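Report on the structure
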Amino acid sequence: MSVVRDDQLPTEVGESLTIRSEAAAEVGSVLLGAGMGSYRVKWAMARCARALGLSSFVSVVSYTDIVATATMSGRYRTRITRPTHPGVNVDLFYHTVRLVETLPEKITAAELTSRLAAITARAHRYGPAANAVAAGSACSAFTFLNGGNPTDMVCVLIAATLGQALRRILLSRFWNHFLVTLLTAIATCAMYLLIQAAPGLLGHPIHGNHVGYLATTLFLVPGFPLVTGLLDLVRSDFAAGQARVTYALLMIFAAATGLWLVGFFQGGISYPAVWTLPGLWQVLAQAAATAVGVFGFAVLFNSPPKIAATAASVSVVCNVGRFILRDHVGVEPQVAALIATTAVGLIAYLIASRFHIPRSSISVPAVVIMIPGLTMYLSYIESNTDNVLAALEHAVEGIEVVIAIALGLALGHLATSSPWRKVVNPQ
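Residues numbered from 1 in each chain as written. Predicted model: local features only at pLDDT ≥ 70, side-chain atom pairs only at ≥ 80, totals over all residues. Heavy atoms only, no water.

What the chain contains, in helices and strands, is 17 helices and 3 strands. Taken against the 2.2 N^0.38 rule, which gives 22 Å for 427 residues, the C-alpha radius of gyration of the chain at 23 Å falls within 12% of a compact globule. A principal-axis box enclosing the C-alpha atoms of the chain has dimensions of 90 × 45 × 40 Å. By residue count, 52% of the 427 residues in the chain fall in the buried class. Within the chain, contacts between residues at least 6 apart in sequence are counted, and of these 75% link residues at least 24 apart. Accessible surface, the chain: about 18500 Å² in total, of which carbon and sulfur atoms supply 65%. Measuring between centres, the 27 positive side-chain charges of the chain sit 9 Å from its 21 negative side-chain charges. (Helix = DSSP H or I, 4+ residues; strand = E, 2+ residues; numbered from the N terminus. Rg over C-alpha atoms; globule rule 2.2 N^0.38 Å. Buried < 20%, exposed > 50% of the residue type's maximum accessible area, 1.4 Å probe, protein only. Contact = heavy atoms within 4.5 Å. Areas by Shrake-Rupley, 256 points an atom, 1.4 Å probe, with all protein chains shown as cover. Lys, Arg positive; Asp, Glu negative; His and termini not counted. Charge placed at Lys NZ, Arg CZ, Asp CG, Glu CD.)

Listed below in structure tokens is the structure:
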């Protein structure tokens, strides 16, 4: 007796080409909307397409769109899929990737769609209050790592917490991201200055430095799309990479504009004074601040607690090593960043392969703490005060470190992943 495979049936008998291709594309749409890099989105759709019985599934993925052509039984269909609200949701893409990895050899579109719907229906892991406090804690930790003093850290904690609460409200109303970032930066900076000035009105002035002012909006730096965009460029996925990096730079520009505007009316921004602890205490404090900062940003990305803690642990080892290389050994900042992020990529691979966790859910939060957001802000602010030389110095330093971060993660992927070493797209 001959057996006719499902993919050999006429499309009007079983699930049609349209239904199957839409199911595969919907998986890609969920992953893209949750912040997954373009290669993994293509990989997931191709894997689903095979399980659905499609002959081929070729896609082009950008930051906001998926264009895919599916074939079956001599027919083909091209469709465009667009996520409703691109962002970052590690919990969502973690469970979606696990769904794709554990697919049976054959699955119907109805069953795949049902499983995917159960995942997308999951509630957000952290409520508005926890989300806001996570942003405030991360920025407060950033403040210390950039030389801020305890007064700055407290003021940043309060201002950034309130700022993230405002940002989340505006984003929930689907406001334009550029406008949300600009308004949030203005409001957060103004709150920081008011909080710092309040004790003085009661006769107890406090003395902070401008590291806090700059660090208070670091939660607005789009670290996830910036890092994944750079990795897309390394793989020559230019449609996605250029769009992600452009989006990230636009958001940084919006945040820096808010910083500059408030600083201009406040009377200008002076160079920050660095505040440190003596000897070993500084290293221990850097480790603690790194753990708090990375865990806080992982919460902003809606990472499951275990993944957030894992990313924080990896970053403590690698980021503290970066500080030691830079501050005590005399290694150039960009070289120290390259070594640290390469180590992050390798360690993240070992953990991800052992526990079946998407590597980016560990590596990206672990390196976000290393992105020189403060340096980028200073470059823009100095350029608006006609201090061109200082602006160029900060810009060059920031660009070099960002390139080193991207190169380090790319080296980690290239050393451990065969698909990254080949010029082949999944289909």
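This next bit is on the nonpolar core. Counting 114 residues, the largest nonpolar core has Phe57, Leu112 and Tyr377 as the members making the most contacts within it. The residue makeup of this core includes at least three contributed by each of domain 1 (17-121) and domain 2 (128-421). (Core = buried A, V, L, I, M, F, W, Y, C linked by side-chain atoms within 4.5 Å. Domains from an automatic or database assignment.)

What follows deals with the domain arrangement of the chain. We note that the domain assignment places domain 1 (17-121) and domain 2 (128-421) within the chain. Computed over C-alpha atoms, the centres of domain 1 and domain 2 are 31 Å apart. Interface area, domain 1 with domain 2, both sides summed: about 2000 Å², of which 63% is carbon and sulfur. Considering only the surface of domain 1 that becomes buried against domain 2, Tyr39, Tyr63 and Val90 emerge as the three largest contributors, covering 33% of it. Counting across the domain 1 and domain 2 interface gives 7 residue pairs in polar contact (both at pLDDT 80 or more). (Buried area = accessible area lost by both parts, 1.4 Å probe. Polar contact = N/O pair within 3.5 Å; in protein donor to acceptor, adjacent residues only side chain to side chain.)

In this section: the packing of helix 1 (residues 17-33) against helix 3 (residues 90-101). Across the interface, helix 1 lies against helix 3 with an axial gap of 9 Å and an inter-helix angle of 150 degrees. If you check the angle between helix 1 and helix 3, you find them roughly antiparallel. Where helix 1 crosses over helix 3, the handedness of that crossing is left-handed. Judged by residue contacts, Val27, Val30 and Leu31 of helix 1 engage Leu92, Phe93, Thr96, Val97 and Val100 from helix 3. (Axes fitted to C-alpha atoms, helices over the stretch in contact; angles between N-to-C directions. Parallel < 35°, antiparallel > 145°, perpendicular 65-115°, else oblique. Left-handed = near helix turned anticlockwise from the far one by under 90°.)

Our focus in this paragraph is helix 13 (residues 333-355). For helix 13, built from 23 residues, the straight-helix expectation of 33 Å at 1.5 Å per residue is met to within 8% by its first-to-last C-alpha distance of 32 Å. Looking only at helix 13, the buried set comprises Ala336, Ala337, Ala340, Thr341, Thr342, Val344, Gly345, Ala348, Ile351 and Ala352. (Expected span 1.5 Å × (residues − 1).)

This next bit is on the pairing of strand 1 (residues 56-61). Side chains of strand 1 alternate between two faces, with Phe57, Ser59 and Val61 buried and Ser56, Val58 and Val60 left unburied. Judged from the 6 bridges that link them, strand 1 and strand 2 (residues 66-72) form a sheet pairing that is antiparallel. Its bridge partner lying in strand 2, Val58 is registered against Thr69. Between strand 1 and the antiparallel strand that follows it, strand 2, lie 4 residues. (Pairing = 2+ DSSP bridges.)

What follows covers the packing of helix 9 (residues 223-234) against helix 16 (residues 388-416). One way to put it is that helix 9 packs onto helix 16 with a least axis distance of 9 Å and a crossing angle of 60 degrees. When the axes of helix 9 and helix 16 are compared, the pair comes out oblique. Both helix 9 and helix 16 take part in a crossing whose hand is right-handed. For the pair helix 9 and helix 16, contact is made by Val227, Leu230, Leu231 and Val234 and by Val402, Ala406, Leu409, Ala410 and His413, respectively. Of the residues belonging to the contact of helix 9 with helix 16, the class tally is 8 nonpolar, 1 polar and no charged. (Nonpolar A, V, L, I, M, F, W, Y, C, P; charged D, E, K, R; others polar.)

Before going further, it helps to spend a moment on the UniProt feature "domain: Threonine/Serine exporter ThrE" (unreviewed entry) in the chain. Listed under "domain: Threonine/Serine exporter ThrE" (unreviewed entry) in the UniProt record, and renumbered for this structure, are residues 287-412. Annotated as 85% helix and 0% strand, the span residues 287-412 places its first and last C-alpha atoms 23 Å apart. (UniProt positions renumbered as here; feature names shortened; annotations may be inferred.)

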